Amino acid sequence: MLLDVALSQLVLVDYQTRLMPAIHEAPLVLANAGRLAQMARLLHVPVMGTEQNPSRLGENPPEIKALCDRTLAKMQFSGVEEGLGEWLRPPVKPAAGNARSLPKHLQKPSNTPSERSSIVIAGCEAHVCLLQTALHLLEDEFDVWVVTDACSSRTERNRDAAFDRLASAGAELVTTEMVAFEWLRSAEHPQFKAVQSLIK
């Protein structure tokens, strides 16, 4: 199963300024998060961010926050517990009247957003906020793709334990480059060179 750009949304979890100095491989993780967000913008993939207790841990870095459509400030470790799921799956509006009984060519186009059920997720700490958010998204029947080289924890052991648990729960483990090339699918994609320049 390959990622489909038209069904994807990107969630960036808690890359906060006071947390990142303690995170294993923080510069690489932040750089990959930035690449993911820039690629998402180029390819019209919605980007959501979360911040855990920002008054204590600071906000996400400006270069990450600027690329997010919305950022959820939260106190629960799982963003889903505080409304992230509603952001990712807008409520479907019921069809008005009996328009569905009309032939297709006479029906008005629907205003309801198409569902983007593939959640590409990355962030910190992998074994706490990222893990709990991803597990709740799986429970809510989203397809979850965890970008391993854009995730970390204070220790490798905690990070790796999170990846093991997420894979066992049904999440797909991917890398930034996997996401890039699956979103593009072809060297003939109009944004191929722009995306390629971000990962070289």
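One structure accompanies this document, and this report is about it. (Residues numbered from 1 in each chain as written. Predicted model: local features only at pLDDT ≥ 70, side-chain atom pairs only at ≥ 80, totals over all residues. Heavy atoms only, no water.)

Time to look at the nonpolar core. Grouped together as the largest cluster of nonpolar side chains are 61 residues, with contacts concentrated most on Leu 10, Leu 12, Tyr 15, Ile 121, Val 144, Val 146 and Trp 183. The dominant element in this core, judged by the number of residues it contributes, is helix α5 (residues 126-139), at 8 residues. (Core = buried A, V, L, I, M, F, W, Y, C linked by side-chain atoms within 4.5 Å. Buried < 20%, exposed > 50% of the residue type's maximum accessible area, 1.4 Å probe, protein only. Helix = DSSP H or I, 4+ residues; strand = E, 2+ residues; numbered from the N terminus.)

For the rest of this paragraph, the subject is unusual backbone geometry. What you tend to see is this: most non-glycine residues have negative phi, and most peptide bonds are trans. Glu 125 follows Cys 124 through a cis peptide bond whose omega is -25 degrees. Position of Glu 125 among the secondary structure elements: in the loop between β4 (118-123) and α5. At His 44, a position not held by glycine, the phi torsion is positive, near 60 degrees. When you line up the elements, His 44 lands in the loop between α1 (26-42) and β2 (47-52). In this model, Glu 141 sits at a positive phi of 70 degrees, which is unusual for a non-glycine residue. Tracing the backbone shows Glu 141 in the loop between α5 and β5 (143-147).

What follows deals with the packing of α1 against helix α7 (residues 176-184). Close contact between α1 and α7 brings their axes to 10 Å; oriented N to C, the two are set at 10 degrees. Between α1 and α7, the angle falls in the class roughly parallel. Contacts between α1 and α7 involve Asn 32, Arg 35, Leu 36, Met 39 and Ala 40 on the former and, on the latter, Thr 176, Val 179, Ala 180 and Trp 183. (Axes fitted to C-alpha atoms, helices over the stretch in contact; angles between N-to-C directions. Parallel < 35°, antiparallel > 145°, perpendicular 65-115°, else oblique. Contact = heavy atoms within 4.5 Å.)

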